[in-house]
Amino acid sequence: MPDMVLRLKDLQTHFFTDHGEVPAVDRVSFSVGKGEVVGIVGESGCGKSVTSLSIMQLVPSPPGKIIGGEIQFKGEDLVQASPKRMKQLRGNEIAMIFQEPMTSLNPLFTIGNQLQEAIRIHRKVTKKQARIQAIDLLNQVGIPRAEAIIDEYPHQLSGGMRQRVMIAMAMSCHPDLLIADEPTTALDVTIQAQILRLMKQLNEENNTAILLITHDLGVVAELCDRVVVMYAGQVVERGTMREILKQPKHPYTKGLIRSLPKLSEREQKLYSIPGTVPRLGVGQVGCRFAPRCEMAFTRCFQENPALYELENGQTARCFLYDEIEREGHPDGGKTSIGSKGT
Amino acid sequence: MVAKPLLEVKGLKKYFDVKGGVFGRKVGEVKAVDDVSFTVMEGEILGIVGESGCGKSTTGKSILRLIEPTDGEVTFDGQNIASLKSEQLRKIRRDMQIIFQDPYASLNPRHTVEKIISEPLLIHGMKHAAERKKRVRELLEIVGLNAYHASRYPHQFSGGQRQRIGIARALANHPKLIICDEPVSALDVSVQSQILNLMEELRDAFQLTYIFIAHDLSVVKHISDRVAVMYLGRMAELADKDVLYADPKHPYTKALLSAVPIPDPDEKKEAIILEGDIPSPANPPTGCAFHTRCPVAMSVCKEVRPTFKMVDQDHYVACHLYE
């Protein structure tokens, strides 16, 4: 196995609420290689954000708790790590940026204060040196008039600028892993294009691995090498960006791609996945997607499908790809719902 | 069918005062909508796209006079909305409805779905409770919900279902025009396509006309017949959707289209990445509002505001390149 920065193995994060136990992250496994960009895709409530918070050990507890699994970061299991150790890692070796930069910046301090604080926590530098480094960082992320901006407050900046500041802060200690949770969702398209370009540039220049959490398959196509698709707390499909977008295997991934209105094609009616995302609960039997799946058969409602590995390394949590089913159904394994197949 | 105009907007302006100083005097103006004109044909879906702060929502609300426009003429079905008295306005609003982005904020959490949908019926003169009840059930079925949902409260529904309730309420009095202000932006992809399909079906079933306001260019392309692009309170371009997406004229439209990430790794495109931010509408650039970010700006762009005019068959552009 090549150099892995992050490796999740059967991670389980459950929430204990008044209405019962909710398996928000249900045995999730995937890995991120050095300098690689991996995307986690899914709709709201699929557990993608909780997965990222679990890695950072930032799941609000109670009600949340990691009840099983491993999070290997450069060989160290973060689930077992002490709070003190996590404090050293966060911001230093693993950094995170969020969807809404305004809520992650303190409105009472200047951009410079906050950037210098981040630098000085992790490095032994004087205030003066920290300020010089901060200006340098702002320049790197493409902020004009960095010398002036450094003394301004967050509210004086636009959304795109604030996200640049967050990225500057995240990059201040050259982390090995950057977790970006919907980093461009709150931004306009033209600003989003700027931020995506910046993230790509940082990934290439500093060889920083990025775990990108998004619901936008377009953003995935721009940035990711590999993709993990999540549905109802579980990984339903894993593959390279090209495989997922061009030859999706899981009926959910297929449905998701088909329901997007396309800029380049003209279609009469959009495909839509019937029904809505199910409510999560422990001890559910059957495939989580079965009630909405056009291809579902009896077994889908009786057993939980495993992640089946396909020839090329792509994996899908679907009985269509189980050996037994493939033999049983003459076209089982090869059936592709609606995909033209390339 | 010869289409006739249902709505004509001429020179619509909405300026918001900026107050400041010790005495709260007016210190400036935000030109949220600045001289916008367009026509919507009967049965048509006109899409309005633009980035945040471009005035697309303000345009929608000014048409309904949910906010009072500063200047301009809005003619709906032959009547000038701007000069109507409140009682006349109330009557005409029966024919023009609005659906909002946030289905969480636009439904009263203390009212049942029944009450939410029957309120407009009551206001517009459906006096018998039994009749209203019947209509509410009918509307719920039309938008793909069940009659038994009538007794529930908004929080018991998912985002997509709430948007369906909002649509049912808008449909209650058989409107002619529905202004849809970012109706699917808050929804997940799989739910978004359900709502878009529903809106198209309803348009066909009830001969509705939509003004569809959104920031997502793919969504607008899918649903609209014609598309208008706004930038900083002004119209940049307006054309048939196929023409606009295949042959955009305005440099802003070109950049906007090229910035949309496409979920297909094989689709190579020429990326025009605009530098800088959208200027503040309180202090818009002189001349053409886009000249500060325009890759092909000329000296005239700084001084003279380009007029919005037809450069091709039904293709309107406000740019000096086409003077």
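Residues numbered from 1 in each chain as written. Chains lettered and ligands numbered in written order. Predicted model: local features only at pLDDT ≥ 70, side-chain atom pairs only at ≥ 80, totals over all residues.

> Looking at this structure, I do not really get the overall build of chain B. What am I missing?
Across its full length, chain B holds 10 helices and 12 strands. Against the globule reference of 20 Å for 323 residues, chain B gives a C-alpha radius of gyration of 21 Å, in line with a compact fold. Along the first, second and third principal axes, the C-alpha atoms of chain B reach 65 × 60 × 45 Å. Counting all 323 residues of chain B, 46% fall into the buried class. Intrachain contacts of chain B at a sequence separation of at least 6 include 64% that bridge at least 24 residues. (Helix = DSSP H or I, 4+ residues; strand = E, 2+ residues; numbered from the N terminus. Rg over C-alpha atoms; globule rule 2.2 N^0.38 Å. Buried ≥ 20, exposed ≤ 12 C-beta atoms within 10 Å, placed from the backbone. Contact = placed C-beta atoms within 7 Å.)

> Looking at this structure, I do not really get the domain arrangement of chain B. What am I missing?
Interface extent is often summarised as the accessible area lost during association of the parts. Residue and element names in this part refer to chain B. According to the domain assignment, chain B consists of domain 1 (5-95 + 175-270) and domain 2 (111-174). A C-alpha centroid distance of 26 Å is found between domain 1 and domain 2. Across the contact, 11 residues belong to domain 1 and 11 residues belong to domain 2. Ranked by residues supplied to the side of domain 1 that touches domain 2, first place goes to helix α6 (residues 189-206) with five residues. Classifying every residue of the side of domain 1 that touches domain 2 by side-chain character gives nine nonpolar, one polar and one charged. (Domains from an automatic or database assignment. Nonpolar A, V, L, I, M, F, W, Y, C, P; charged D, E, K, R; others polar.)

> Any chance you could explain helix α1 (residues 56-63) of chain B here in plain terms?
Helical geometry: 3.6 residues make up each α-helical turn, so side chains three or four residues apart lie on a common side. All names here are of chain B. Where burial is concerned, most of α1 is hidden: eight out of the eight residues are buried. Listing the buried residues of α1 in full gives Lys56, Ser57, Thr58, Thr59, Gly60, Lys61, Ser62 and Ile63. Phi turns positive one or two residues past the end of α1, at arginine 65, with a value near 60°.

> Help me understand the sheet that holds strand β12 (residues 315-316) of chain A in this model?
Strands belonging to one sheet form pairs held by backbone hydrogen bonds; the direction of such a pair is parallel or antiparallel. Residues and elements named next belong to chain A. The strand order β6-β7-β8-β3-β9-β10-β12-β11 describes an open sheet built from eight strands, whose pairing is mixed. Two strands close off the open sheet at either side, each with one partner strand: β6 (94-97) and β11 (308-309). The sheet contact formed by strand β10 (residues 234-240) and β12 spans two bridges and is antiparallel. Within β12, the position partnered with glutamate 237 by the bridge is alanine 316. Sitting on the sheet, helix α7 (residues 159-171) is in contact with β6 and β7 (177-181), with an inclination near 175° to β6. (Pairing = 2+ DSSP bridges. Axes fitted to C-alpha atoms, helices over the stretch in contact; angles between N-to-C directions.)

> Explanation requested: the nonpolar core in the structure shown.
Here is a general trend for soluble globular proteins: nonpolar side chains tend to be buried in one another's company. In this structure, Leu211 of chain A together with Phe212 of chain B are the most contacted members of the largest nonpolar core, which totals 191 residues. Counting contributing residues per domain, this core is built from domain 1 (5-95 + 175-270) and domain 2 (111-174) of chain B, each supplying no fewer than three. With residues near it in sequence (within four places) discarded, leucine 211 of chain A still touches Leu6, Val32, Val38, Ile40, Ser52, Leu177 and Ile179 of chain A. (Core = buried A, V, L, I, M, F, W, Y, C linked by C-beta atoms within 7 Å.)

> Please explain the interface of chain A and chain B as it appears in this structure.
The interface of chain A with chain B comprises 39 residues on the first partner and 33 residues on the second. Among the secondary structure elements, those contributing two or more residues to the side of chain A that touches chain B are α7, α8 (189-206), α9 (217-223), α10 (241-246) and α11 (251-258) of chain A. Counted by class, the side of chain A that touches chain B contains 17 nonpolar, 13 polar and nine charged residues.

> Quick question: what am I supposed to make of the pairing of β7 of chain A here?
It is a general feature of regular strands that their side chains alternate between the two faces of the sheet. All names here are of chain A. Of all five residues making up β7, five are buried, and the element is well covered by its neighbours. Side chains of β7 alternate between two faces, with Leu177, Ile179 and Asp181 and Leu178 and Ala180 buried alike. As paired elements, β6 and β7 share four bridges and run parallel to each other. Bridge pairing links methionine 96 to isoleucine 179 in β7. Where β7 and strand β8 (residues 209-214) come together, five bridges link them in parallel fashion. Its bridge partner lying in β8, isoleucine 179 is registered against leucine 211.

> Which parts of the structure should I look at to understand helix α4 (residues 129-142) of chain B?
All names here are of chain B. Under the 1.5 Å per step criterion, the end-to-end length of α4 is 20 Å for 14 residues, consistent within 8% with the ideal 20 Å. Of the positions making up α4, those classed as buried are Arg132, Val136, Leu139 and Leu140. Relative to the axis of α4, the buried residues are bounded by an arc of 100° and lie together on one face. Exposed residues lying more than 90 degrees from the buried face of α4 are Ala130 and Glu131. The inward-facing, buried residues of α4 abut α3 (113-123) and α5 (159-171). Where α4 terminates, the next one or two residues include glycine 144, which has phi positive at roughly 85°. (Expected span 1.5 Å × (residues − 1). Arc of directions from axis to C-beta.)

> What am I meant to see in the confidence of the model for chain A here?
Close inspection of predicted coordinates is inappropriate for parts of the model with low pLDDT. Confidence along chain A averages 86 in pLDDT terms, with 93% of residues attaining 70 or more. Predicted confidence for residues 330-342 of chain A stays below pLDDT 50, and this span has 21 contacts to residues more than four positions away or in other chains. (pLDDT = per-residue confidence, 0-100.)

> Honestly, the sheet that holds strand β4 (residues 64-73) of chain A in this entry has me stumped. Any pointers?
If you trace the four strands from one edge of the open sheet to the other, you get β2-β1-β4-β5 (chain A), paired in antiparallel fashion. In the strand order of this sheet, the two ends are held by β2 (20-33) and β5 (76-77) of chain A, each with one partner.

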